[in-house]
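Read off the chains here:
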Amino acid sequence: MVTAAKTRLYPTQIDLPAEARAQLVELLNQSLADTLDLKTQVKQAHWNVKGMNFIALHEMFDTFAGTLENYVDMLAERITALGGIARGTARIVAQTSNLPEYDLTAEEGRTHLQALAARYGQYAAAVRRNIDRTTELGDADTADLFTEISRQIDKDLWFIEAHLQA
Ligand SMILES: [Fe+2]
C-alpha cells in the first residue's frame, strides 16, 4: 500500500492542509478500489444468477451496480478536488481492494445473496470507519460523502438480507 508520505498532490487553493489532504487521498483511493471491486462483483451476480427469483434479483443487482458506479465517480472526483490522483484502473483495483474475490461458482439466488451480504457488510463497516476518520482529518465534505454512501449501502444490505431473513 502506498503511504501518505509518497502521495503526490497538485497545488490547490483548497483550505485543507497538505498533510491532511495526503491522508484523505490515500483513504479515498482505498475506498475507490473497494467500491469498483464491489461494483464488478454485483455485476457478476447480475449476469450469473439462476433460479425462480431470477428476474427480481437480476434487476435488483443492476440497480445496486448503478448506485456503486455513481459512488465511484464521486469518490474519484473528491480525490482530484483535493489535489490527488485517482487510482481506478482494473489492475490497481485488483491489487488494492480489501474485499475477497467473488464466488465464481455461485448459481442459485441464495448463494449470490449470501456472498453479497458478506461483502456489503465488510464494505459498510469500512465506509462507517471512513466517516469518523475523515471527520478527524477535518474534512466535513468527505465525511458527508461517506455518510451518504453509508446510508444507502445500509439500505442495500437490508434489501439483500431481507431475502435471507425468512
Ligand atoms: Fe445487464
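The rules behind these values
- Residues numbered from 1 in each chain as written.
- Predicted model: local features only at pLDDT ≥ 70, side-chain atom pairs only at ≥ 80, totals over all residues.
- Heavy atoms only, no water.
- Phe/Tyr/Trp six-rings, centres within 6.5 Å; stacked < 30°, edge-to-face > 60°.
- Helix = DSSP H or I, 4+ residues; strand = E, 2+ residues; numbered from the N terminus.
- Buried < 20%, exposed > 50% of the residue type's maximum accessible area, 1.4 Å probe, protein only.
- Contact = heavy atoms within 4.5 Å.

Chemist: How do you make sense of the packing of aromatic side chains when you look at a structure like this?
Modeler: Each aromatic ring pair is specified by the distance between its two centres and by the angle formed by the two planes. Applying the stated criterion across every chain yields a total of 2 aromatic pairs. Judged by centre distance (5.8 Å) and plane angle (50°), the ring pair of F64 and Y120 falls under tilted. Of this pair, F64 sits in helix α2 (residues 54-81) while Y120 sits in helix α4 (residues 109-136), and the two are 56 residues apart along the sequence. Taken individually, F64 and Y120 each receive the classification buried, so the pair is uniform in this respect. Ring plane angle 85° and centroid distance 5.0 Å describe the contact between W158 and F159, whose orientation is recorded as edge-to-face. Residue W158 is classed as exposed on the basis of its relative accessible area of 51%. Owing to a relative accessible area of 35%, F159 belongs among the partly exposed residues under this scheme.

Chemist: Would you explain the side chain of D139 in this entry?
Modeler: Here D139 lies in the loop between α4 and α5 (140-162). When sequence neighbours within four positions are dropped, the list of residues in contact with D139 reads L16, L24, R78, L82 and T134.

Function cannot be inferred from these measures alone, as they are strictly geometric.
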